[in-house]
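# Understanding the architecture of this molecule
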Amino acid sequence: MPFGLRRLERVGLAFLIALAGARPSLAAGEPSVPAWLEAHVGEGEGQIAPVVLERARALYQRKAVRNPCYFAFDATRPHDLGGGLGRRFYIICEAQGSFRAISAGHGGGRDLDGLADFANGRRCVKNFGNAMDSDLTTGGAYVTGKTTASFKGYYRAAGGGDEVFTRPFLKFDGEGETANARERAIGGHPALLLRGVCRRRDPASPHADPDGYVPFGKLVNYAAGRSDGCTSWSPSDAESIFAMAKDDPTTLYIYPESRDIDAVARAVEAGEAPSRAGLYWNAACLKDIGAPRFWRKETLEPILARYREAHPAPLPEPPPICREP
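Heads up: these notes are all about the structure in this document. (Residues numbered from 1 in each chain as written. Predicted model: local features only at pLDDT ≥ 70, side-chain atom pairs only at ≥ 80, totals over all residues. Heavy atoms only, no water.)

## What about the layout of surface pockets?
This is how it is decided: Buried and open spaces are told apart on a 1 Å grid over the protein atoms alone, a cavity being a set of points where a 1.4 Å probe fits but cannot get out and a pocket being an open set with protein on both sides within 12 Å along at least five of seven lines. Residues with an atom within 4 Å of a point are the lining residues. Grid points are joined across faces, edges and corners, and a volume is the space filled by probe spheres set on the points. Polarity classes work like this: nonpolar for Ala, Val, Leu, Ile, Met, Phe, Trp, Tyr, Cys and Pro, charged for Asp, Glu, Lys and Arg, and polar for all others, with Gly in that last group.
Each pocket or cavity is described by its volume, and for the second largest pocket that value is around 260 Å³. Around the second largest pocket sit 16 residues that line it, and Asp135, His189, Ser227, Asp228 and Cys230 are the ones nearest its centre. Looking at side-chain class alone, the lining of the second largest pocket contains seven nonpolar, three polar and six charged residues.

Now the structure itself:
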């Protein structure tokens, strides 16, 4: 081959390598975003931001799971819109040409009475982290695992009569900063719980304790509220997700990761709009929170340990006996 052509070939190869490095999600052989999905890309309500989709697709393709659908969650978007819930959790089934955006709850965090305040409001997430007992959302890569179920108690159904409340839980396995997801009991579940629990005598129940009592309370839907660090959905949406992931693992990408949080925080500190620095954060939530923060477990877990030492948990006591109606 003539020298000039060889030199041109080397320049072209270098350009392609540089291009691949600039767009890591467009690896060799990876399909581009289909036109029907591009229509759902953006920063409007019900749309998915480009960086969130790019990373979610890259994770799904890297893991090579068999499930035809994958999930993504943009925790920079508002949850409580005042008149409704923001749609920021995405169910994407490219083979079926299907895209769906639904609401999802985020981790509430905690306020440790002067030691550290990393609590989050209902609307927007300011604090993220991966420490044990922090109740914080951690962005990054996950793969869904098995669905388990735990008995929580009985409640009075709307139509009369008592119903058993057994809450399902979809386990998440993480990697990198999300690698302790199992240890932290991080997963997905419907936003349901029992409040005002008391003990009702029912020795015939298979769930009765040794004294013949069962927990009984009021079933509460807290889809507009916060979780203990897990991803929570409305009961109907959770049912759909459990059906899709049953015996068929798939990927979940949660945005933002610590690198995104740190970069946005630096931009805000420098007085620069994150978008001008090529960074993404939902503008409405950034206005609400000022600047985000990622609490690394190496920093936060010693603080939590000091708090537990100064505030030992009281000995557990059983709920009170129910008062007969």
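## Observations regarding the pairing of strand 9 (residues 213–221)
So the rule is basically this: Paired strands, as defined in this entry, are two strands with at least two bridges between them according to DSSP. Helix and strand labels come from DSSP, where a helix needs a run of H or I of at least four residues and a strand needs a run of E of at least two; each type is numbered from the N terminus.
Direction of pairing for strand 5 (residues 140–156) relative to strand 9: parallel, over a ladder of two bridges. Within strand 9, the residue paired with Tyr154 across the bridge is Phe216. Relative to strand 9, strand 8 (residues 192–201) runs antiparallel, the two being bridged by eight bridges. Directly across from Arg199, in strand 9, lies its bridge partner Pro215.

## So, helix 7 (residues 297–310)
Heads up, the condition is: To estimate the expected span of a helix, count its residues, drop one, and scale the result by 1.5 Å. Working rule for contacts: check all heavy atoms of both residues, and any pair within 4.5 Å makes them a contact.
The end-to-end C-alpha distance of helix 7 is 19 Å, a good match for the 20 Å that 14 residues give at a rise of 1.5 Å each. In the core, the buried residues of helix 7 are packed alongside strand 12 (293–295).

## Description of the nonpolar core
Note the cut-off: Nonpolar core, defined: a set of buried Ala, Val, Leu, Ile, Met, Phe, Trp, Tyr and Cys residues in which side-chain atoms within 4.5 Å join the residues together. Only protein chains enter the accessibility calculation, which uses a 1.4 Å probe; a residue whose area is less than 20% of its type maximum is buried, one above 50% is exposed, and one in between is partly exposed.
Phe89, Trp233, Ile241, Leu252 and Trp281 are the most contacted members of the largest nonpolar core, which totals 33 residues. The element contributing the most residues to this core is helix 4 (residues 235–245), with four residues. In this structure Trp281 touches Thr76, Val125, Phe128, Pro256, Ile261, Val264, Leu286, Ile289 and Pro292, once residues within four positions along its chain are discounted.

## Details of unusual backbone geometry
For the bond running from Tyr255 to Pro256, omega is 15°, close enough to zero to count as cis. With respect to the helices and strands, the residue Pro256 is situated in the loop between strand 11 (251–255) and helix 5 (258–269). Positive phi, normally seen in glycine, also occurs at Asp113, with a value near 50°. Inspection of the secondary structure assignment puts Asp113 in the loop between strand 3 (98–102) and strand 4 (127–129). Phi at Ala185 is positive, roughly 60°, even though this residue is not glycine. With respect to the secondary-structure elements, Ala185 resides in the loop between strand 6 (162–174) and strand 7 (187–190).

## Here's the deal with the side chain of Asp237
Checked against the element boundaries, Asp237 lands in helix 4. Setting aside chain neighbours within four positions, we find Asp237 in contact with Arg100 and Ile102.

## Digging into empty space enclosed by the protein
All chains considered together, the criterion is met by one cavity of 30 Å³ or more. Counted as a void, the largest cavity has a volume near 50 Å³. Forming the walls of the largest cavity are Phe73, Gly105, His106, Thr137, Thr138, Tyr142, Phe172, Ile186, Gly229, Cys230, Thr231 and Ile254. Here the lining of the largest cavity is built from residues that sort into six nonpolar, six polar and no charged.

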